[in-house]
Amino acid sequence: MEAYENKPLLVKGKIRKHKLISNNYGEMVIEAPQIAKRAKPGQFVMLSRWQIKNLLLKRPFSFYQINPQEGRFTILYKIVGKGTEILSNSKIGDEIELIGPCGNGFLLPKEANRIALVARGIGIATLLPLAQEASNRGIEIYSFLSAREKSLLLGRDSLESLSFHTFYTTDDGSKGRKGKVTYFLEELLKENKVNFEAVYTCGSKRLAQHIQELQQKFHFFSYVSLEERMGCGIGACKGCVIRTCHGYQRVCKEGPVFPLEEVMFYER
Ligand SMILES: Cc1cc2nc3c(=O)[nH]c(=O)nc-3n(C[C@H](O)[C@H](O)[C@H](O)COP(=O)(O)OP(=O)(O)OC[C@H]3O[C@@H](n4cnc5c(N)ncnc54)[C@H](O)[C@@H]3O)c2cc1C
Ligand code: FES
């Protein structure tokens, strides 16, 4: 992946498409050419469609689809609180304030032939543009998707269409296997059936820890995209730090993508 300058811009965008997916999720296309042209898989935008007097801080959202030609990008969001509730009431043409692209995106090794993407729930949002880029480069993608139930396997058709193989797990067994999403990954690694140049994950710290355990057994490169509550999104407030083997690092500035083996999920 090419190196790029990482200076987020403050711009206005316009909502061009918006649909609610079930009661708790929405998908929104935003026109903001200055951001869409620079956005890379794994990066995110800080966004507000509200006034400071109603809600102080912008909220971070991953790029779910990036369309630089049209100057647009898409976000996939889950309604969890006041900001996402306001977002869900947006109309086409509404103005939105953005800071982005923020953070560092995924590294895709130059020589990669095959990668694995492991997502839980809304974690698919940041992995889909990576899958698109990998597919454009002819890289074989194995996808491992997990959610509470079938209807929460969001974006599965898009990811499946880019993947060589897609494995599903749900907590209730309504699609694929019941149980841990890492089951299939471990089986493939155990039987030495496939080698991955890198394994990418997002959506659950517990899942990331399982992959860390597999990493110690099977020795592969892995990257995790982390989510922490954010104040500024641009490295100024230090509100989003996590512990790594290099000390505390800011998820918004040094991340949100980290080499998985560097992240310390527990005190050691
Ligand atoms: C880099 C990054 C990328 C993200 N990408 C997406 C995305 O593509 N789609 C998406 O739906 N969400 C994404 N998120 C999470 C999203 O930013 C939060 O859900 C959102 O800020 C919630 O705002 P709110 O005002 O609706 O909820 P709040 O009222 O702020 O919070 C409601 C509840 O959600 C919890 N919460 C809020 N933010 C986070 C967080 N970052 N991590 C864990 N718990 C949190 C709070 O503790 C609280 O319990 C991302 C977060 C980060 C840091
Ligand atoms: S959110 Fe302010 S430093 Fe990361």
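Before any of the text, the structure's been laid out above.
Residues numbered from 1 in each chain as written. Chains lettered and ligands numbered in written order. Predicted model: local features only at pLDDT ≥ 70, side-chain atom pairs only at ≥ 80, totals over all residues. Heavy atoms only, no water.

## Description of the pairing of strand E3 (residues 44-48)
Right, on to step 1. Counting buried residues in E3 gives 5 out of 5 residues, a clear majority hidden from the surface.
Right, on to step 2. Of the two faces of E3, the one lined by Phe44, Met46 and Ser48 and the one lined by Val45 and Leu47 are each fully buried.
Right, on to step 3. The sheet contact formed by E3 and strand E4 (residues 59-62) spans 4 bridges and is antiparallel. Opposite Leu47, over in E4, you have Arg59 as the bridge partner.
Right, on to step 4. Inspection of the sheet shows E3 paired to strand E7 (residues 95-102) by 4 bridges, in the antiparallel sense. Its bridge partner being in E7, Ser48 is matched across the sheet by Glu97. (Buried < 20%, exposed > 50% of the residue type's maximum accessible area, 1.4 Å probe, protein only. Helix = DSSP H or I, 4+ residues; strand = E, 2+ residues; numbered from the N terminus. Pairing = 2+ DSSP bridges.)

## Re the sheet that holds E7
Right, on to step 1. Spatially, the 7 strands line up as an open sheet ordered E4-E3-E7-E1-E2-E6-E5, and their pairing is antiparallel. Each edge of the sheet is formed by a strand with only one pairing partner; in this case those strands are E4 and strand E5 (65-67). In this sheet, neighbouring strand axes are inclined to one another by 35° on average, regardless of whether the strands run parallel or antiparallel.
Right, on to step 2. Across 7 bridges, strand E1 (residues 9-21) lies against strand E2 (residues 25-31) in antiparallel orientation. Paired with Leu20 across the bridge in E2 is Gly26. (Axes fitted to C-alpha atoms, helices over the stretch in contact; angles between N-to-C directions.)

## Digging into the site of ligand 1
Right, on to step 1. Close contacts around ligand 1 come from 19 residues, with Arg59, Pro60, Gly83, Thr84 and Arg229 the closest.
Right, on to step 2. Here an oxygen atom of ligand 1 sits 2.8 Å away from a polar atom, N or O, in the main chain of Gly83.
Right, on to step 3. Arg229 is positioned such that a nitrogen or oxygen atom in its side chain is 2.3 Å from an oxygen atom of ligand 1.
Right, on to step 4. For ligand 1, whose unbound accessible area comes to 880 Å², protein coverage reaches 77%.
Right, on to step 5. For the shell around ligand 1, the class distribution of residues is 9 nonpolar, 4 polar and 6 charged. (Near = heavy atom within 4 Å. Polar contact = N/O pair within 3.5 Å; in protein donor to acceptor, adjacent residues only side chain to side chain. Areas by Shrake-Rupley, 256 points an atom, 1.4 Å probe, with all protein chains shown as cover. Nonpolar A, V, L, I, M, F, W, Y, C, P; charged D, E, K, R; others polar.)

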